[in-house]
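Residues per chain are reported as follows:
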Amino acid sequence: MDNSQRVVVVTGGSRGIGRAIALKFAEERPVIIIAHYDQDETFSDQTLAMLNEKGIRCESFKVDVSSKSAVETFFDSVLEKYGRVDTLINNAGITRDCLLMKMSERDWDLVLNINLKSIFNCTQTIIRSMIKNRRGTIVNIASVSGQIGVAGQANYSASKAGIMGFTKAVAREVASRGITVNAVAPGFIQTEMTDALPEKVVESYLQQIPLGRLGTVQDVSETVYWLCSESASYITGQIIHVNGGLYM
Ligand code: NAP
């Protein structure tokens, strides 16, 4: 491996926003490692094929990011093989929407564990190595839902609001070691996650978005990439809104 090549880990990199982030980083020819969880590897195989086509050294790992021990095993393998992680994008996330009155404890725990605990798991596991190297960039994918609160998303909104607090606290802890920690809070982005929503819901969101369109995965990936670039080296502990003005 060329020592000047950045080692980038993208959780949930198999599809949607995570795939777009991996493809954006590919422009600088780094090593890219994606983590995903589905038994069906179709999406992760597609992402690897896209990266391979660009001549990128890449690998995918099946790891449940909500499990601390699975995450530790994952990063042990990454460090053993590549020696370091320069950039961590904590992107994996799910929704289990339901009004609070009907929300099961299982769906509360599932969303909190996959969306929020995963960020604790991944960040805590790799931060020691970043501190040792005195460099690193971490971007956590939050959501406008954590800022405005969305009816039917008490679990999701809580997990995404938690990510923002986590981001700021850890940014303060590691800034002196040359590590930046930021969050990107996308608004309504067209992916499989939002394709599942009824047309009426999409229409009502569109009316509330000043820029008058849904976001694209590229809108998010461009911002994430910039936050991990030299141009953003004086930015840490920030929540960057990519939402067409839905929340200001
Ligand atoms: P998506 O298309 O549903 O992709 C979710 C990704 O997370 C997949 O790669 C999935 O892997 C992975 N994942 C799910 N559970 C996992 C687990 N336990 N361990 C490891 N990986 C797991 O979602 P998306 O729309 O791209 O969203 C990506 C992030 O952006 C999420 O954090 C989401 O909350 C956030 N976000 C999205 C929107 C939006 O409008 N789409 C808006 C705001 C924020 P598999 O392919 O293996 O299942």
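Report on the accompanying structure. None of these values were measured; they are calculated from a predicted model.

Some details on a negative patch on the surface
Among the surface-exposed residues, Asp 38, Asp 40, Glu 41 and Asp 45 lie close enough to one another that they form a single negatively charged patch. Within the secondary structure, Asp 45 is located in helix H2 (residues 42–53). Residue classification places Asp 45 among the partly exposed residues on the basis of a relative accessible area of 44%.

Remarks on the site of the ligand
Residues in contact with the ligand amount to 29 residues; listed here are only the nearest, Ser 14, Arg 15, Asp 38, Asn 91 and Tyr 156. Contact between the ligand and Lys 160: an oxygen atom at 2.9 Å from a side-chain N or O atom of the residue. Out of a free accessible area of 900 Å², the ligand has 95% covered by protein chains.

Section: the packing of helix H4 (residues 105–133) against helix H6 (residues 154–174)
In contact at an axis separation of 8 Å, H4 and H6 are set at 15° when each is read in the N-to-C sense. Taken together, H4 and H6 sit at an angle that is classed as roughly parallel. Remark: the crossing between H4 and H6 carries right-handed chirality. Of H6, the residues touching H4 (which contributes Asp 107, Trp 108, Val 111, Leu 112, Asn 115, Leu 116, Ile 119, Phe 120, Thr 123, Ile 127 and Ile 131) are Ala 154, Asn 155, Tyr 156, Ala 158, Ser 159, Lys 160, Gly 162, Ile 163, Phe 166, Val 170 and Val 174.

Quick notes on the packing of aromatic side chains
The full count for this structure, using the stated rule, is four aromatic pairs. Between Phe 25 and Tyr 225, the ring centres sit 5.0 Å apart and the planes meet at 75°, which makes this aromatic pair edge-to-face. Highlighted residues: Phe 25 in helix H1 (residues 16–25) and Tyr 225 in helix H9 (residues 217–227), separated in sequence by 200 residues. Residue classification places Tyr 225 among the buried residues on the basis of a relative accessible area of 19%. Consider the rings of Phe 74 and Phe 75, whose centres lie 4.8 Å apart with planes at 55°: the pair is tilted. Each of the two residues, Phe 74 as well as Phe 75, counts as buried. In textbook terms, an aromatic cluster arises when at least three aromatic residues are bridged by ring pairs, as seen for Phe 61, Phe 74 and Phe 75.

What counts, and at which threshold
- Residues numbered from 1 in each chain as written.
- Predicted model: local features only at pLDDT ≥ 70, side-chain atom pairs only at ≥ 80, totals over all residues.
- Heavy atoms only, no water.
- Patch = residues over 30% accessible without salt bridge, like charges linked within 9 Å, V, L, I, M, F, W, Y side chains within 5 Å.
- Areas by Shrake-Rupley, 256 points an atom, 1.4 Å probe, with all protein chains shown as cover.
- Salt bridge = Lys/Arg side-chain N within 4 Å of Asp/Glu carboxyl O.
- Lys, Arg positive; Asp, Glu negative; His and termini not counted.
- Charge placed at Lys NZ, Arg CZ, Asp CG, Glu CD.
- Helix = DSSP H or I, 4+ residues; strand = E, 2+ residues; numbered from the N terminus.
- Buried < 20%, exposed > 50% of the residue type's maximum accessible area, 1.4 Å probe, protein only.
- Near = heavy atom within 4 Å.
- Polar contact = N/O pair within 3.5 Å; in protein donor to acceptor, adjacent residues only side chain to side chain.
- Axes fitted to C-alpha atoms, helices over the stretch in contact; angles between N-to-C directions.
- Parallel < 35°, antiparallel > 145°, perpendicular 65-115°, else oblique.
- Left-handed = near helix turned anticlockwise from the far one by under 90°.
- Contact = heavy atoms within 4.5 Å.
- Phe/Tyr/Trp six-rings, centres within 6.5 Å; stacked < 30°, edge-to-face > 60°.

Taken by themselves, the reported measurements are silent on function.
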